[in-house]
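As a plain string of letters, each chain reads:
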Amino acid sequence: MKNQRNTFTHIPVVNVSGLFSDDKQQREAVAQEMGKAAAEVGFLYVTGHGIPPDKIANLRDAAKRFFAQSLETKMQHYIGSSETHKGFVPEGEEIYGTGKPDNKEAYDVGFPAPKDNPYVLNNTPLIGENEWPKLAGFREPILDYYNTLFALGRKLFSGFALALGLEETYFEKMVTCPPAKLRLIHYPFDENVVDRPGIGAHTDYECFTMLLADQPGLEVLNDDDVWVDAPPVTLDDEEAFVINIGDMLEVLTAGKFVATSHRVRKVAHERYSFPLFFACDYDTLVKPLPQFDDGKSEYKELSIGEHMYSQALQTYRYLREKVANGELSLPERATGVATFGHLKKQK
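### Concerning the state of the cysteines
Tallied over the full model, the rule gives 0 disulfides. Among the cysteines around Cys207, which has no disulfide bond, Cys280 carries the closest sulfur, lying 3.8 Å off. In this structure Cys207 comes out as buried when scored by relative accessible area, which is 1%.

Here it is, written out as structure tokens:
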């Protein structure tokens, strides 16, 4: 199908409070706005989400206290030592494109998978127990925030389902124990940094991303090759979340919803960023829905888990090294980086 050019100059704001209404017409009205933003921009701010401010404050406080520790202490929970790809990500661990690594560090938290879940018992990549430091007051507020935001993600997924002409519950059975990751990202103050592009242009692997940030820096690429700012937005004392379409929703809609390329600028000031990457279960197979498949689609069937795992294997330094020395191998249906959204047009 031929998609329209996305020449947006700003990120639309959608109040999603209507998704919580008992009135289906109100839910459908919000879904229409969400679908319009997903098709025309691939990004949207959401307000009316109902996430309590104290949960956000507790998340920020826990993150600040963790990253204030010494590198030696943080490296006790190095992601490369984890059995399930969770934990501390030091500066330079992630490789996006070329050039000097970004001056950032992160802590990755996954879905709280029960030990008796089949995905855990089968040692499925990316699924399993989280790594938790002994730092007091860290685990509880992080898990609380994760569970609260994940519930909002389910509600947003029902809105996207309505926008695509599906039943609201269409995606529910696909989300039982997913490789959905919350990242706590810290960009320390760096007086030597000149304001310039930072994390290389990329799309997100999953279905959609839910981002909370405290400083400007995020930029979104339109089809005129213009980078559009997506700074933090607060309306009526409520912090908006930035939602962006991921690779899997682009596949489902054969490109009607676009996984828009984005990047983060290098700036001197300290900042924190908290994206939750909302995904379906690892073995979910994704292909264009019938209403978007004209038989000529460039989008082939993908396994969500294999796609996410292959992207991780090509991004994280410790995993790249394991692939290089033969300890790990890319999944059979692995996709390359820069495969979706605006990036695929540059290949």
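Having seen it, we continue.
### Structural notes on the sheet that holds strand β2 (residues 43-47)
The 8 strands are arranged β1-β2-β12-β7-β14-β5-β4-β3 in an open sheet whose pairing can be described as mixed. Among the strands making up the open sheet, the edge pair consists of β1 (13-15) and β3 (87-89). Here the strands of the sheet are splayed against their neighbours by 25° on average, with no regard to which way each runs. One ladder, built from 3 bridges, connects β1 with β2; its direction is parallel. From the neighbouring strand, Val13 faces β2, where its bridge partner is Tyr45. Sitting on the sheet, helix α2 (residues 53-67) is in contact with β3, β4 (105-109), β5 (181-187), β7 (208-213), β12 (241-245) and β14 (271-278), with an inclination near 115° to β14. In this fold helix α5 (residues 139-163) packs onto β4, β5, β7, β12 and β14, with an angle of close to 135° to the strand it touches most, β7.

### A short note on the environment of His10
Relative to the helices and strands, His10 is located in the segment before β1. For the pair His10 and Asn222, spaced 212 residues apart in sequence, the C-alpha to C-alpha distance is 9.8 Å. The residues touching His10, leaving out its near neighbours within four places in the chain, are Val41 and Val228.

### Description of the packing of helix α1 (residues 24-40) against α5
Two elements in contact, α1 and α5, have axes separated by 8 Å at closest approach and are oriented at 80°. When the axes of α1 and α5 are compared, the pair comes out roughly perpendicular. Note on element contacts: α5 touches α1 through Leu156, Gly159, Phe160, Leu162 and Ala163, opposite Lys24, Arg27, Glu28, Ala31, Met34, Gly35 and Ala38. By residue class, the composition of the contact of α1 with α5 is 7 nonpolar, 2 polar and 3 charged.

### Things to note about the packing of aromatic side chains
All told, the structure shown has 19 aromatic pairs when counted by the stated rule. Between Phe150 and Phe278, the aromatic rings sit 4.7 Å apart at their centres with planes inclined by 25°, giving stacked as the arrangement. Residue Phe150 is located in helix α5, and its partner Phe278 is located in strand β14; the two are separated by 128 residues in the primary sequence. Between Phe157 and Phe171 the ring centres are 4.1 Å apart and the planes differ by 5°, which places this aromatic pair in the stacked class. Residue Phe157 is found in helix α5, and its partner Phe171 is found in the loop between α5 and β5; the two are separated by 14 residues along the sequence. You can call Phe157 buried: its relative accessible area is 3%. Accessibility expressed as a relative area gives 2% for Phe171, which makes it buried. Linked through ring pairs, Phe111, Tyr146, Phe150, Phe157, Phe160, Tyr170, Phe171, Phe208, Phe257 and Phe278 together constitute an aromatic cluster.

About the thresholds
Residues numbered from 1 in each chain as written. Predicted model: local features only at pLDDT ≥ 70, side-chain atom pairs only at ≥ 80, totals over all residues. Heavy atoms only, no water. Disulfide = S-S within 2.5 Å. Buried < 20%, exposed > 50% of the residue type's maximum accessible area, 1.4 Å probe, protein only. Pairing = 2+ DSSP bridges. Helix = DSSP H or I, 4+ residues; strand = E, 2+ residues; numbered from the N terminus. Axes fitted to C-alpha atoms, helices over the stretch in contact; angles between N-to-C directions. Contact = heavy atoms within 4.5 Å. Parallel < 35°, antiparallel > 145°, perpendicular 65-115°, else oblique. Nonpolar A, V, L, I, M, F, W, Y, C, P; charged D, E, K, R; others polar. Phe/Tyr/Trp six-rings, centres within 6.5 Å; stacked < 30°, edge-to-face > 60°.

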